[in-house]
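Residue strings, one per chain:
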Amino acid sequence: MSYYVTTTIPYVNARPHLGFALELVQADVLARHRRARGGAVRFLSGTDENSLKNVLAAEAEGVAVQDLVDRNAAAFAALATPLALSFDDFIRTSRDPRHREGVAQLWQRCAEAGDFYRKAYTGLYCVGCEAFYGEAELVDGRCPDHGTEPQTVSEENWFFRLSRYQDRLRELVTSGELRIEPVSRRNEVLALIDSGLRDFSVSRSRARARGWGIPVPGDEDQVVYVWWDALGNYVTSLGLGDDAPTEDFARWWAGDGERVHLVGKGVLRFHAVYWPAMLLSAGLPLPTRVLVHDYLTVSGRKISKSSGDVVDPAALVARYGTDAVRWWLLREVPRVGDADFTEERLVARADADLADGFGNLVHRVVTMVHRYRDGVVPQPTVETTATAELRAVCARASGRVDAALDAFDYRAAAAAVWTLVEEANRCIDRTRPWELAKSERGGARSAALDAALAALVAACRALGEELSPFLPAAADRVVRRCTPVNGVLPESTPLFAKLGG
RNA sequence: GGCGGCGUAGCUCAGCUGGUCAGAGCGGGGAUCUCAUAAGUCCCAGGUCGGAGGUUCGAGUCCUCCCGCCGCCA
C-alpha cells in the first residue's frame, strides 16, 4: 500500500527555525520507517511563497520579492542535508509551473461544482496570519499571534461555499475516514464544524496582493487566496494540473493508500476543514490522516525572530551534529503539549543515549568479539536464559516501534528502540563474557561465550535496523561496526564523542 | 462568553474501557562488575495522584462543585 506523507509548506519571509525542523524530522521518520518496512513511500515538502508577507519582507529589505523568496526557499530546501531529510519531492509555489497549473485546475473544478460566488465584504485581516479575525478574537485590538494591528479590508472577492460541506465533513471526521490525531485535536475540529461553517474568501484583489500570487482563472483582477493556493500543493505536486491524469497522482492520491499530512496546531483548521472541503468540492479523494504536533519553546519562551542562533536548525547541527538534534526532537518532545528546548538538554540527551547508550554498547560488544574471538562473530551452539531473553526483546522491538509510530508517538517509538540497548547491556552483565573467556584458558572453547557474543552482535544489528528511521547516520555506523569485512568485524573505536565533556 | 483538556515523586512525564495504578526517566543517595567513551548493572522515592464532596464492595481512573493552568471556538 502506498504511503504519501507531507509537511506543511512554510512561509519563506524568514529563515527556518527549530519548530519547523520538528515537523520535518517527524515526517522524515515516518517516511524512512515505511520504506524500511518495504512500503512504497513518497515524502513531500516545499515552500509557500505566494504570501503577501513575502512582499512586505522584501520591501523591508529593499530586495525583489522573487529574490527574497528564492533565497529563503533555498535555506529551507537546504535543511535536507543537516537534518538528513529524505525528501522525494520539494515543491515551490512561486516557481513550479506544475503548482500554478494545478491550482488553476483545482479552482476550475470547484467552480464547476458551483462552489464560488462573488461577495463584497469588510473584515480585519492579519497579514502575518494571512487570515481574517473577528473583533472578539483580537487582544487589545491586535492579532493574538503577531501582536500587530490587523488592517481593515473592504473589497469584493470570490467566496467558497464551505457551508455546503459541513455535514459531510462531520461524517468523515466522526467515522475516522479522515483521522485527526491526537484525539483532542479531532474534538476541536468537530467542535469547530458543529459551531457552523461559514463560507470564506478565497481571493483578494490583485492590488492588495501587490500583484504577487496566482491569478484567479478567468478573473485577472483577483489573486487566489494564499491558503487556497498553498493547500493545493499536496496534489499539484503530483501533477493535478496536467492535461491527462498523471501516474503520480493516481498512485499517491487517487488510490487506496495512505495520505498523511503533518501539521502544526496553528494550522489545523486549514488542513482538517478547509482543505478536505476543497477536495470534496473538486471531487478528489481526501487525506486519510492529519497528524497535529504542538510547538516548541526555547528556554521557556515562544520562538520568535529574536530567538537567534539557538533556534537555527542548521546552526545547531553544525554545533552538535545531525544525530544529536534529531534525537532530541524525537526522544524529548511529548506526543501532546509544547516542549521546551535547551541546548543543555540536547547535550545531556545525546551524551546519555548516543555516546553512553548506543555508542558504548556497540563499542564494548565489538571489542569483546575481537578480544575473545579475534573479530569473528561466533555461531551459537547453545542458548542461555540471558541470550534467550535478549533475543525475545529484539524480536519485540520492531512491533513496538511500529505501534508507537502508528500512534504518532515518537517518544514511545524512540523508547522502544532504547529497550534494545538496555537489554543488551543487561545481557552483558548477566553472562559476564570476561569470566567465560577466562574459563577457556584451560583449553575448552566456551559455548556460552559463543552464545553471548552472537546474541549481542545480533542485538546490535537489530539496534542498527530499528534506529535507522530515527538516526540514519548513527544507525549506519552501528550496522557497519557489526558487519564483518573478510570474516572479521572492523576494529572498534568509540562511535560518538561526548558533547558535554 | 461557550465547549475540550490539564493539574500524579525535586524536574520531565506514563497511567486504555474503575480493583498489582501508586509508576518510568532524569537529578540525588548507596552498592557492584571491568568488555566499554569513569561507560554498564543493581538497590533506594513512603508522593494524601490540585482541593472538597458524592457514586461504588472498591476511584488518579466515574459524577458535582471549587482553585490554578492551557487549548479551541465566539
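On a predicted model such as this, the values are computed, not experimentally measured, just so you know.

Reading guide: rules and limits
- What you see as residue numbers is a count from 1 along each chain, following the sequence as written.
- The order in which chains are written sets their letters, starting at A; the order in which ligands are written sets their numbers, starting at 1.
- For this predicted model, a pLDDT threshold of at least 70 governs which residues receive local features, and a threshold of 80 or more governs which side-chain atom pairs are given and counted, while totals over whole chains, interfaces and linings are taken from all residues.
- With hydrogens and water set aside, each side-chain value is computed from the structure's full complement of heavy atoms.
- Under the DSSP-based scheme used, a helix requires at least four consecutive residues in state H or I and a strand at least two consecutive residues in state E, with every element numbered from the N terminus.
- What a helix is expected to span follows from its residue count: subtract one and scale by 1.5 Å.
- To sort residues, take the accessible area from a 1.4 Å probe on protein chains only and compare it with the maximum for the residue type: under 20% means buried, over 50% means exposed, and anything in between is partly exposed.
- The arc under discussion is defined with respect to the helix axis, by the directions toward the C-beta atoms.
- The domain limits used here are those given by an automatic or database domain assignment.
- We call two residues contacting when some pair of their heavy atoms lies within 4.5 Å.
- Two parts lose some accessible area (1.4 Å probe) when they are put together, and adding that loss for both gives the buried area.
- The salt bridge criterion pairs a side-chain nitrogen of Lys or Arg with a carboxyl oxygen of Asp or Glu, the two atoms within 4 Å.
- Here a polar contact is recorded for every N or O atom pair within 3.5 Å, except that within protein the pair must consist of a potential hydrogen donor and a potential acceptor, and residues adjacent in sequence are included only if both atoms are side-chain atoms.
- Here the nonpolar group is Ala, Val, Leu, Ile, Met, Phe, Trp, Tyr, Cys and Pro; Asp, Glu, Lys and Arg are the charged ones; every other residue, Gly included, is treated as polar.
- Think of it this way: one heavy atom of a residue within 4 Å of a molecule or strand is enough to make that residue near it.
- We define the nonpolar core as a collection of buried residues of types Ala, Val, Leu, Ile, Met, Phe, Trp, Tyr and Cys that are connected through side-chain atoms lying within 4.5 Å of one another.
- Paired strands, in this sense, are two strands between which DSSP finds at least two bridges.
- Ring pairs shown here join Phe, Tyr and Trp side chains whose ring centres sit within 6.5 Å, with only the six-membered ring taken for Trp; geometry is labelled stacked below 30 degrees between planes, edge-to-face above 60, and tilted in between.
- The rule is short: NZ of Lys or CZ of Arg within 6 Å of the ring centre and within 35 degrees of the ring normal puts a charge over the ring.
- Here, axes are lines fitted to C-alpha atoms. For helices the fit covers the stretch in contact, and angles between N-to-C directions go from 0 to 180 degrees.
- Put simply, angles under 35 degrees are roughly parallel, angles over 145 are roughly antiparallel, angles from 65 to 115 are roughly perpendicular, and the rest are oblique.
- Take the far helix as the reference: if the near one is turned anticlockwise from it by less than a right angle, the crossing is left-handed, and if turned clockwise, right-handed.

Draft legend 1. Region of the structure containing helix α4 (residues 97-112). Its 16 residues place the ends of α4 23 Å apart at the C-alpha level, agreeing with the 22 Å of an ideal helix rising 1.5 Å per residue. Buried within α4 we find H99, G102, V103, L106, W107 and C110. Looking down the long axis of α4, one finds its buried residues gathered within 140° of arc, a one-sided arrangement. Projecting away from the buried face of α4 at angles above 90 degrees are the exposed residues P97 and E112. A positive backbone phi angle near 75° is found at G114, which sits one or two residues after α4.

Draft legend 2. Structural view of the domain arrangement of chain A. Domain annotation for chain A reports domain 1 (2-319) and domain 2 (343-481). With 19 residues of domain 1 at the contact, the number on the domain 2 side is 14 residues. The junction of domain 1 with domain 2 conceals about 1400 Å² of combined surface from both sides, 59% of it contributed by carbon and sulfur atoms. When the buried area of domain 1 at its contact with domain 2 is split by residue, V29, H33 and R37 rank highest and sum to 36% of it. Taken together, the links from domain 1 to domain 2 amount to four salt bridges. E466 is paired through a salt bridge with R37; the nearest N and O atoms lie 3.1 Å apart. Summed over the shared surface of domain 1 and domain 2, the number is seven residue pairs in polar contact (both at pLDDT 80 or more). When its residues are assigned to classes, the side of domain 1 that touches domain 2 shows nine nonpolar, three polar and seven charged.

Draft legend 3. Molecular detail of the protein's contact with RNA strand B. Neighbouring residues of RNA strand B: 29 residues in total, closest E188, N360, R364, L495 and F496. One of the side-chain nitrogen or oxygen atoms of R198 is found 2.9 Å away from a phosphate oxygen of RNA strand B. Side-chain polar atom of H363 to a sugar or linking oxygen of RNA strand B: 2.9 Å apart, as the coordinates give it. Residue assignment for the surface near RNA strand B shows that the elements contributing at least two residues are α6 (183-194), α13 (343-373) and α15 (410-431).

Draft legend 4. Just the nonpolar core, in detail. With 173 residues, the main nonpolar core has F160, Y225, W228, F358 and F470 as its most contacted residues. Take this core: its biggest share by element is 13 residues, from α13. Both domains that furnish three or more residues to this core are identified here as domain 1 (2-319) and domain 2 (343-481). With residues up to four places along the chain from it excluded, the contact list for Y225 reads Y125, E130, A131, F200, S201, V202, S203, R204 and F270.

Draft legend 5. The arrangement of the sheet that holds strand β4 (residues 116-126) in detail. Taking strand neighbours across the sheet as the criterion, the four strands line up as β5-β4-β6-β8 in an open arrangement whose pairing is antiparallel. The sheet is open, and its two edges are formed by β5 (131-133) and β8 (200-201), each paired on a single side. Examined bridge by bridge, β4 and β5 share three bridges and lie antiparallel to one another. Paired with L124 across the strands is Y133, a residue of β5.

Draft legend 6. Representation of the environment of V290 within the structure. Its place among the elements puts V290 in strand β13 (residues 289-293). On the basis of relative accessible area, V290 is assigned to the buried category, the value being 0%. Along the primary structure V290 and I180 are separated by 110 residues, whereas in three dimensions their C-alpha atoms are 4.8 Å apart. Once residues lying within four places of it in the same chain are set aside, the contact partners of V290 are L178, R179, I180, E181, H261, V263, L268 and H271.

Draft legend 7. Region of the structure containing helix α18 (residues 472-481). Those residues of α18 not exposed but buried are P472, A474, A475, V478 and R481. Each element contacted by the buried residues of α18 is listed here: α1 (18-36), α12 (322-332), α13 and α17 (447-467).

Draft legend 8. Summary view of the packing of aromatic side chains. As enumerated under the stated definition, the model contains 24 aromatic pairs in all. For the ring pair F358 and W418, a centre distance of 5.6 Å and an interplane angle of 75° mean the geometry is edge-to-face. Of this pair, F358 sits in helix α13 while W418 sits in helix α15; the two residues are 60 residues apart in sequence, bridging distant segments of the chain. Taken as a pair, F358 and W418 share a single burial class, namely buried. Between F408 and Y410 the ring centres are 5.4 Å apart and the planes differ by 70°, which places this aromatic pair in the edge-to-face class. The class of F408 is buried, set by a relative accessible area of 3%. An aromatic cluster is built from W107, F116, F160, Y165, F200, W227, W228, F270 and Y274, whose rings are joined through pairwise contacts. Over the ring of W253 we find R259; its NZ or CZ atom is 5.5 Å from the centre of that ring.

Draft legend 9. Expanded view of the sheet that holds strand β10 (residues 215-216). Spatial ordering of the open sheet is given by β9-β11-β10, a layout of three strands whose pairing is antiparallel. Either end of the sheet is taken by a strand with one partner, and the two such strands are β9 (203-205) and β10. As defined by bridge partners, β10 adjoins strand β11 (residues 219-224) across two bridges and the pair is classed as antiparallel. Directly across from P215, in β11, lies its bridge partner V223.

Draft legend 10. Fine view of the packing of α15 against α17. Put simply, α15 and α17 touch, their axes get as near as 9 Å, and they point 170° apart. Viewed along their axes, α15 and α17 adopt a mutual orientation that is roughly antiparallel. Once α15 is placed against α17, the crossing between them reads as left-handed. Where α15 approaches α17, its residues V417, L420, V421, A424, C427, I428 and T431 are matched on the opposing element by A452, L456, A459, A462, L463, E466 and L467. Each residue belonging to the contact of α15 with α17 can be placed in one class, and the counts come to twelve nonpolar, one polar and one charged.

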